[in-house]
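In case you want the letters, here they are:
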Amino acid sequence: MTTGGSKKGTACVTGGNGFVASALIKMLLERGYAVHATVRDPEATAKVAHLKSLQSLGDLKLFRADLKEEGSFDEAVAGCDYVFLIASPVDLTAEDPENDLIKPAIKGTLNALRSCSKAAVKRVVLMSSAAAVSGIRMEGEGGPLVIDEKSWTDIDYLYQEKPPTWGYLAAKTLTEKAAWEYSEDHKLDLIAVNPTLIVGPSIMPELPFSDRLALALVTGEELPTLGLKIMQKVSGSISFVHIEDVCRALIFLAETESASGRYVLSKVDSGLCDVAKLLSKRYPQYKITADLSDVPEKSRLSISSEKLSKAGFKFKYDKLEDIYDELVEQGKAKGVLPKTLAT
Ligand SMILES: NC(=O)c1ccc[n+]([C@@H]2O[C@H](COP(=O)([O-])OP(=O)(O)OC[C@H]3O[C@@H](n4cnc5c(N)ncnc54)[C@H](OP(=O)(O)O)[C@@H]3O)[C@@H](O)[C@H]2O)c1
């Protein structure tokens, strides 16, 4: 084990200032790991302040690295036991998906994987997405269809039909496929995780976009509401997993020697109409104004994490009500929901 001064070892996390990565870094430090976090600009004070505040928890070093620059991750991954590849372009509204999302995601991930090979790290955990699993052509009625790690998003369907946000689905799918090919050719120990919508508290100053998506029906924010409707139409369900469970699973999969292949991370399957019903009953103070008449009433997919559960992982968050209670508090604290309502 490469200790870097820590008994647990050293882990590198890319895209350190983002929602998932910053939560993972916090958990790794709390568990006694030394952490190398990469960010595009360590001097961008406002963007890295929340990350730097974690230095009080343990041995956290920041490194500059950009997916677009070959060799950029060499220094950050050197001496690491585990590398968590979390950074990725995530712009769902990219005007030129091929050049803004797909090519940079694939090229950047291969670039980071080459750095991992050079450093001979023990294991790489790649943050893929349920978007690489569940983007399939859905015809007719019926369901829900159970989707797990054996399923791959249908790239031909994406390129033929170009459903909204297709570029993100294609980027995650093609990046994961390229990573598998690389790991087989170069004998690199790789795990991929495929989470559904990740929600929950964040140390970022702003509410993360995925929390804004989840809260869109009560905040009424236009872009996240559209995103949520698209998610229901394209993915056939709205499925959730809590950020704490995602970070626990990422570390569990790095540390569990017998782990291999892909792991879907998802705990609560729902549909937009059911979410709307739950929210109006539980938080009647927030009026839902979104028009859901064009959204299918029933979910078409059920996203299964059975493989992870069978490996011995236990999810902590399995009730949508609890997840939303916490999200609503987050929304109030971060100013997207009013703290009190005018009467
Ligand atoms: N949130 C979800 O619901 C969800 C679900 C499934 C999978 N995922 C995956 O989880 C990962 C993190 O997502 P997130 O929700 O935490 O999003 P996020 O907060 O926007 O984080 C994305 C991170 O990627 C970094 N990044 C983007 N382009 C980069 C580049 N060219 N070079 C280096 N870093 C770059 C960003 O850096 P800057 O801050 O400098 O822009 C940011 O730190 C992504 O791979 C995403 O696809 C997320």
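Residues numbered from 1 in each chain as written. Predicted model: local features only at pLDDT ≥ 70, side-chain atom pairs only at ≥ 80, totals over all residues. Heavy atoms only, no water.

**Considerations on the layout of surface pockets**
Quick note on the threshold: Residues are said to line a cavity or pocket when one of their atoms sits within 4 Å of a point; the points come from a 1 Å grid over protein atoms alone, cavities being sets where a 1.4 Å probe fits but cannot get out and pockets being open sets with protein on both sides within 12 Å along at least five of seven lines. Grid points are joined across faces, edges and corners, and a volume is the space filled by probe spheres set on the points. Here a strand is any run of E in DSSP of at least two residues, a helix any run of H or I of at least four, and the numbering for each starts at the N terminus. In this count, Pro and Cys sit with the nonpolar residues alongside Ala, Val, Leu, Ile, Met, Phe, Trp and Tyr, while Asp, Glu, Lys and Arg are called charged and the others, Gly among them, polar.
Space inside the second largest pocket adds up to approximately 230 Å³. For the lining of the second largest pocket, the secondary structure elements donating two or more residues are α1 (19-30) and α9 (243-255). Looking at the lining of the second largest pocket, the element that brings in the most residues is α1, giving 4 residues. The class makeup of the residues in the lining of the second largest pocket is 6 nonpolar, 2 polar and 4 charged.

**Here we look at the pairing of strand β9 (residues 238-242)**
Short version of the rule: Partly exposed residues are those whose accessible area sits between 20% and 50% of the maximum for their type, while under 20% is buried and over 50% is exposed, using a 1.4 Å probe and protein chains only. Strand pairing follows a simple DSSP-based rule, namely that at least 2 bridges must link the two strands.
Counting buried residues along β9, 5 of its 5 residues qualify, which places the element largely inside the surrounding structure. With 3 bridges joining them, strand β8 (residues 197-199) and β9 adopt parallel strand pairing. Bridging across to β9, L197 finds its partner in F240. Pairing of β9 with strand β11 (residues 268-270) involves 3 bridges; the strand directions are antiparallel. For F240, the partnering residue across the bridge sits in β11 and is V268.

**Here's the deal with the pairing of strand β10 (residues 261-265)**
In terms of burial, β10 is largely enclosed, as 4 of its 5 residues are buried. Note: strand β7 (residues 190-195) against β10, 5 bridges, orientation parallel. Within the sheet, the bridge partner assigned to V193 lies in β10 and is Y263.

**Quick notes on unusual backbone geometry**
What is expected of a backbone is that most residues other than glycine have negative phi and most peptide bonds are trans. In this model, A120 sits at a positive phi of 50°, which is unusual for a non-glycine residue. By the secondary structure assignment, A120 is in the loop between α4 (97-119) and β5 (123-127). The exposure class assigned to A120 is exposed, which follows from its relative accessible area of 62%. With phi around 50°, K187 is a residue other than glycine that occupies positive phi space. If you trace the backbone, K187 turns up in the loop between α6 (166-186) and β7. Taking the relative accessible area as the measure of exposure, K187 reaches 74% and is therefore exposed.

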